[in-house]
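# Topology and contacts: notes
The primary structure of each chain is shown beneath.
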Protein chains: 2
Amino acid sequence: MKRPTIADIARRAGVSKGAVSYALNGRPGVSEETRARIHAIAQEIGWRPNLAARLLSGAGAGAIGLVVCRPARFLGVEPFFMELISGIEGELAARSYALMLQVAAGHEDEIAVYRRWWGEGRVDGVILVDLHTNDPRVPVMEKLGMPAVVIGHPSAAGSLPAVWSDEAAAMREVLEHLAALGHRRVARVAGPAALAHTAIRDAAFVESLAALGLEEAPAAHTDHTGEQGARATRRLLSSRSRPTAIVYDNDVTALAGLSVAQEMGLRVPAGLSVVAWDDSPLCQVVRPPLTTTARDIPASGARAAQLLLRMAAGEQVTGVEDAAARLRPRGSTAPPP
Amino acid sequence: MKRPTIADIARRAGVSKGAVSYALNGRPGVSEETRARIHAIAQEIGWRPNLAARLLSGAGAGAIGLVVCRPARFLGVEPFFMELISGIEGELAARSYALMLQVAAGHEDEIAVYRRWWGEGRVDGVILVDLHTNDPRVPVMEKLGMPAVVIGHPSAAGSLPAVWSDEAAAMREVLEHLAALGHRRVARVAGPAALAHTAIRDAAFVESLAALGLEEAPAAHTDHTGEQGARATRRLLSSRSRPTAIVYDNDVTALAGLSVAQEMGLRVPAGLSVVAWDDSPLCQVVRPPLTTTARDIPASGARAAQLLLRMAAGEQVTGVEDAAARLRPRGSTAPPP
DNA sequence: GAGTTTCACTGAACCGGATCAGCGGGACCG
DNA sequence: CGGTCCCGCTGATCCGGTTCAGTGAAACTC
């Protein structure tokens, strides 16, 4: 029942613990013959290195952490995280690294989790997501000297390496698409204003409107939930200067907006064009299928994990820019009425 | 930069390592005065117990594991996991336990992960989800002696404790609702036939149809994705004996089905009633909002985590039955045309 | 053939806590 | 006033790996 240790292997093989350690770690100092014998015995008795012992002797934790800081209720609908996680996992699994996941209620809790993980030696580093402008997590990571990679624009990442894509370019592409269709009055239903990427898209939206000669329009900020997406859409569509197209910041709000429009008797895309953000199967499942921007989220996750592992290994790393999201035109955009 | 150890505290306090250990763990053997002094020093220099050292001295890993075995692409849309995870987390966070997450490609990979985790002492136990009938994971857990809790019906859980809800009752309630509305021809778009809960719902579906005097109908099995949901729906709606209501096994297939129906010119609920399974924000966002069964998934996760922790502590535990899912009637069900 | 190098391996220290036997000293008892 | 008990603490050992200095023997060198 007790788990076998290298001492058991050493006894069986008639050698010392040290020799077993060398043999199993592929280091020089043992003959090929002995090495093979030790490997055979290890295999036979089902030996696995005890993580704690290895850790104690200075090895890394063999795990990285991800803290998700959103209300649970909303988490579920957001495909982003699961896609990100599956991308991260792909990179980790190959090296037998593990992923620690924790859901936190706010930035303070999140920081407390990092401190604990780091203090206990439970993780070798963490991936930060959903950065705010002036995010308090960044200086904490820098001060702790804890390896961390940011998924998001470098402008919010301080000295931490970032994995990002050009959101401004994607926004420009969306508006060019709408302008080409003939839209002049385009509205935007955005995510939380505090998020760094919301601010970036806000700016790009305003800038691109101007560049394309479209009417000025403010962004309506939401918490990314269907309810607020619906409410914002209702307000926009009831206003005097009703937009002919709305650009949403995620798929859930876009879906909610689509429903509201249809409920108000507006046909999509004939009466209103809708653009979602970050393609997900949801966008293809509804009628009409939603025009969205699409990018490879798992790839970003994989890249971030890769950087983090190199960083944890002591390497000096710099951020990388992923391909920008591309517009994926579907049935929800058409010329204005 | 180096993390402080109890030896550092001992030196500062002018006592031995042993005394510090006693003091910090609230065990007798030190005076209250010394204890307070040691605590103050620990606080001051930011000491945290090193996980590895504690582990090596026989303590638990302070973590539990969850392996998710579904294709990544689909994972994202399924709110189930994130809800489950947030429930588990709630229970863990209070005790400073951590959650290890891994995405696996199949049962063999999944079992390999369990073996590794257990062999390395990385987790104190695991939660199993998506049980198949005759699931290979169950005997492995039993043989390893690894604490494990199943989320699903006990009939598939072998000797492992299960957290389950009465799916048959929920199915009955759904069909009673449809029968009461006047439906006689009800179809079912199910999940993968290999899943234990699919089989249970299949049986309950057939049984309840008979009990209510509705027409016999087979279940169309899918892989839970929108595509297959759409295809199954299209086939059903094109058949000679077109059903007046369809019961889906999850929200994504229901959503896809809804779109297909609308595309084929069928009004929902006037021309076709649609029932989804496991309520999620998605169901409320679309038009019409979907009638679904709803249950408290985070609560199940929390309960499973609770059981697992007790089990890992050596307690003998038995499974618990959660409240059955309740029907939540919304706009997608109405009397048949 | 003596000296040097290389090889294969041993023994012990080490990581950071937990735990236990033991010890000095004060309090209490008879 | 001597004996016993308990409190508060020390010092050592243990957990299971890693690592390093050292060792004995064989191989090589001149």
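Residues numbered from 1 in each chain as written. Chains lettered and ligands numbered in written order. Predicted model: local features only at pLDDT ≥ 70, side-chain atom pairs only at ≥ 80, totals over all residues. Heavy atoms only, no water.

Bringing the environment of B:Ala211 into the picture now. Looking at the secondary structure, you find B:Ala211 in helix α10 (residues 196-211). Judged by its relative accessible area of 68%, B:Ala211 is exposed. (Helix = DSSP H or I, 4+ residues; strand = E, 2+ residues; numbered from the N terminus. Buried < 20%, exposed > 50% of the residue type's maximum accessible area, 1.4 Å probe, protein only.)

Attention shifts here to the protein's contact with DNA strand D. In the vicinity of DNA strand D, 27 residues are found, and the nearest of them are A:Ser21, A:Tyr22, B:Ser16, B:Ser31 and B:Thr34. For DNA strand D, the fraction of atoms within 4 Å of the protein that belong to sugar or phosphate moieties is 54%. A:Ile6 places a polar main-chain atom, nitrogen or oxygen, 2.7 Å from a phosphate oxygen of DNA strand D. Measuring from a base nitrogen of DNA strand D, one finds a side-chain N or O atom of A:Ser57 at 3.0 Å. (Near = heavy atom within 4 Å. Polar contact = N/O pair within 3.5 Å; in protein donor to acceptor, adjacent residues only side chain to side chain.)

Residue and element names in this part refer to chain A. When you line up the elements, His177 lands in helix α9 (residues 167-181). Note on His177: relative accessible area 18%, which makes it buried. Engagement of the side chain of His177 in a polar contact is seen with the side chain of Thr333, the distance being 3.0 Å. Excluding residues within four positions of it along the chain, His177 makes contact with Thr291, Leu327, Pro329 and Thr333. (Contact = heavy atoms within 4.5 Å.)

Nonpolar side chains tend toward joint burial in soluble globular proteins. Core analysis: the largest hydrophobic core is formed by 54 residues, its most contacted members being A:Trp117, A:Val126, A:Met141, B:Trp117, B:Val126 and B:Met141. Beyond its immediate stretch of four places on either side in the chain, A:Met141 contacts A:Tyr114, A:Val126, A:Leu128, A:Met146, A:Ala148 and A:Leu160. Core analysis: the second largest hydrophobic core is formed by 52 residues, A:Phe81, B:Leu84, B:Ile297 and B:Leu308 among them. (Core = buried A, V, L, I, M, F, W, Y, C linked by side-chain atoms within 4.5 Å.)

Attention shifts here to the sheet that holds strand β3 (residues 125-128) of chain B. Taken in spatial order, the 12 strands make up an open sheet running β11(A)-β5(A)-β4(A)-β3(A)-β1(A)-β2(A)-β2(B)-β1(B)-β3(B)-β4(B)-β5(B)-β11(B), and their pairing is mixed. Strands with a single pairing partner mark the edges of an open sheet, and in this sheet they are β11 (320-321) of chain A together with β11 (320-321) of chain B. Here six bridges tie strand β1 (residues 63-68) of chain A to strand β2 (residues 98-103) of chain A, and the two strands are oriented parallel to one another. Within β2(A), the position partnered with A:Leu66 by the bridge is A:Leu101. Set on the sheet, helix α6 (residues 79-94) of chain A makes contact with β1, β2, β3 (126-128) and β4 (148-151) of chain A together with β2 (98-103) of chain B; between it and β2(B) the angle comes to about 80°. (Pairing = 2+ DSSP bridges. Axes fitted to C-alpha atoms, helices over the stretch in contact; angles between N-to-C directions.)

This part covers unusual backbone geometry. What you tend to see is this: most non-glycine residues have negative phi, and most peptide bonds are trans. Looking along the chain, the bond that leaves A:Arg287 and enters A:Pro288 is cis, with omega of -10°. With respect to the helices and strands, the residue A:Pro288 is situated in the loop between α13 (281-285) and β10 (291-294). For the bond running from B:Val268 to B:Pro269, omega is 10°, close enough to zero to count as cis. Relative to the elements of secondary structure, B:Pro269 occurs in the loop between α12 (251-263) and β9 (273-276). A positive phi is found at A:His224, a non-glycine position, where the angle reads about 80°. Classification of A:His224 by relative accessible area gives buried; the value is 6%.

Another point: the UniProt feature "domain: HTH lacI-type" (unreviewed entry) in chain A. According to UniProt, the "domain: HTH lacI-type" (unreviewed entry) feature falls on residues 4-58 of chain A. Each end of residues 4-58 of chain A is marked by a C-alpha atom, and these two atoms are 21 Å apart; helix forms 65% of the span and strand 0%. (UniProt positions renumbered as here; feature names shortened; annotations may be inferred.)

Right, let's get into the packing of α6(A) against helix α14 (residues 297-312) of chain A. Residue and element names in this part refer to chain A. As a packed pair, α6 and α14 sit with axes 7 Å apart at the nearest point and diverge in direction by 45°. Taken together, the axes of α6 and α14 lie oblique to each other. α6 and α14 meet at a crossing whose hand is right-handed. When α6 is examined against α14, the residues Phe80, Glu83, Leu84, Ser86, Gly87, Ile88, Glu91 and Leu92 are found in contact with a partner set consisting of Ile297, Pro298, Gly301, Ala302, Ala305, Gln306 and Leu309. Within the contact of α6 with α14, the residues separate by chemical class into nine nonpolar, four polar and two charged. (Parallel < 35°, antiparallel > 145°, perpendicular 65-115°, else oblique. Left-handed = near helix turned anticlockwise from the far one by under 90°. Nonpolar A, V, L, I, M, F, W, Y, C, P; charged D, E, K, R; others polar.)

Right, let's get into the domain arrangement of chain A. Along its sequence, chain A is carved into domain 1 (6-49), domain 2 (63-165 + 297-321) and domain 3 (167-294). Distance from the C-alpha centre of domain 1 of chain A to the C-alpha centre of domain 3 of chain A: 62 Å. (Domains from an automatic or database assignment.)

So, on to the interface of chain A and chain B. Every contact between the two is made by 56 residues of chain A and, on the other side, 54 residues of chain B. The junction of chain A with chain B conceals about 4,900 Å² of combined surface from both sides, 65% of it contributed by carbon and sulfur atoms. In this structure, the connection of chain A to chain B is made through two salt bridges. Between B:Glu263 and A:Arg287 there is a salt bridge, with the nearest N and O atoms lying 3.3 Å from each other. At the boundary of chain A with chain B, the tally comes to 16 residue pairs in polar contact (both at pLDDT 80 or more). Of all the elements in the fold, those that place two or more residues in the side of chain A that touches chain B are α4 (51-56), α5 (72-75), α6, β2, α7 (107-120), α8 (137-144), α12 (251-263) and α13 of chain A. (Buried area = accessible area lost by both parts, 1.4 Å probe. Salt bridge = Lys/Arg side-chain N within 4 Å of Asp/Glu carboxyl O.)

Moving on to the relation of the copies chain A and chain B. Put simply, the two copies of the chain differ by a rotation about an axis and a shift along that axis. Between the two copies, chain A and chain B, the superposition gives an RMSD of 0.1 Å; the rotation angle is 180° and the shift along the axis is 0.0 Å. Taken together, the rotation and translation relating the two chain copies correspond to the operation of a two-fold axis. (Least-squares fit on C-alpha atoms with pLDDT ≥ 70 in both.)

Attention shifts here to the protein's contact with DNA strand C. Every one of the 27 residues lining DNA strand C counts as a neighbour, but A:Ser16, A:Ser31, A:Thr34, B:Tyr22 and B:Asn25 are closest to it. Atoms of DNA strand C within 4 Å of the protein: sugar and phosphate make up 57%, bases the balance. Contact distances for DNA strand C include 2.6 Å between a phosphate oxygen and a backbone N or O atom of A:Ser16. In the model, a base oxygen of DNA strand C is placed 3.4 Å from a nitrogen or oxygen of the A:Leu56 main chain. Elements that contribute at least two residues to the surface near DNA strand C include exactly α2 (17-24) and α4 (51-56) of chain B. The element best represented in the surface near DNA strand C is α2(B), accounting for four residues.

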